[in-house]
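Overview (structure and organization)
Each chain is listed here by its residues.
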Amino acid sequence: MTMAPPKPSAAPAVPSVGPRPASLGVPARPPGRTDPAERRTLVVGRGISLQGTVADAERLVVEGTVESQMIQAAELFVAGTGVFKGEVEVEDAEIAGAFDGTITARGSLTIRATGKITGVARCRKLSVEEGGQLSGRMEMLTEGTSPAPARMPAPAEA
């Protein structure tokens, strides 16, 4: 006598965890948009200090303290607990903490209500929330201009 396997009482069993894309747990997004979570991100956490040069980071998040001569990235975010001292050139920046130095944002610069920039700020688009502070020199970049170096040589006399 041969026994047939028991009949399932419901739909056939489907594995609950099937093949998934590389981004586990991340909901699908429209094609063509880069998820900020997929960018090469460096997070300097609260209570951590970093001195030096950062290379190849697309996004820099500062919750602690960063001191740098020159950082180039696509995005900079200084959290309310963060302090950045030095020079940075980015596409877009959002300052909710303290920034002391020279910041060049080829795109937009946003100073949050808790943010304070001391030094030189250059950008194409500026947004300052009520309470945000800027002490120093502000330069607006136009489409035809490129960011000037932080230290401009004295003009030569003819």
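Residues numbered from 1 in each chain as written. Predicted model: local features only at pLDDT ≥ 70, side-chain atom pairs only at ≥ 80, totals over all residues. Heavy atoms only, no water.

**What about the nonpolar core?**
Grouped burial of nonpolar side chains is what soluble globular proteins tend to show. Ranked by internal contacts, the top residues of the largest apolar core, which has 23 residues, are Leu76, Phe84, Ile103 and Leu109. Within the residue set of this core, elements represented by two or more residues are β3 (59-62), β4 (65-72), β5 (75-78), β6 (83-90), β7 (92-95), β8 (98-111) and β9 (116-128). Looking at which element gives the most residues to this core, the answer is β8, with five residues. Residues in contact with Phe84, not counting those within four places in the same chain, are Leu60, Val62, Val66, Ser68, Ile71, Leu76, Val78, Ala98, Phe99 and Asp100. (Core = buried A, V, L, I, M, F, W, Y, C linked by side-chain atoms within 4.5 Å. Buried < 20%, exposed > 50% of the residue type's maximum accessible area, 1.4 Å probe, protein only. Helix = DSSP H or I, 4+ residues; strand = E, 2+ residues; numbered from the N terminus. Contact = heavy atoms within 4.5 Å.)

**Focus on the packing of aromatic side chains**
The description of two aromatic rings rests on the distance between their centres and on the angle between their planes. Per the stated rule, a full pass over the model turns up one aromatic pair. Centre to centre, the rings of Phe84 and Phe99 are 5.0 Å apart; their planes meet at 0°, and the pair counts as stacked. Here Phe99 lies in strand β8 and Phe84 lies in strand β6, a separation of 15 residues in the sequence. The exposure class of Phe84 is buried, given its relative accessible area of 0%. Assessed through its relative accessible area of 1%, Phe99 is described here as buried. (Phe/Tyr/Trp six-rings, centres within 6.5 Å; stacked < 30°, edge-to-face > 60°.)

**Description of the pattern of salt bridges**
In this structure the tally under the stated criterion is eight salt bridges. Across the pair Glu94 and Arg112 runs a salt bridge, and its minimum N-O distance is 2.9 Å. With Glu94 in strand β7 and Arg112 in the loop between β8 and β9, this residue pair connects regions lying 18 residues apart in the sequence. Residue Glu94 is classed as partly exposed on the basis of its relative accessible area of 27%. Through salt bridges with shared partners, a single network forms among Glu89, Glu91 and Arg106. (Salt bridge = Lys/Arg side-chain N within 4 Å of Asp/Glu carboxyl O.)

**Describing the side chain of Thr110**
For Thr110, the position within the fold is in strand β8. Apart from residues lying up to four places away in sequence, Thr110 is in contact with Ala93, Glu94, Ile95 and Ser127.

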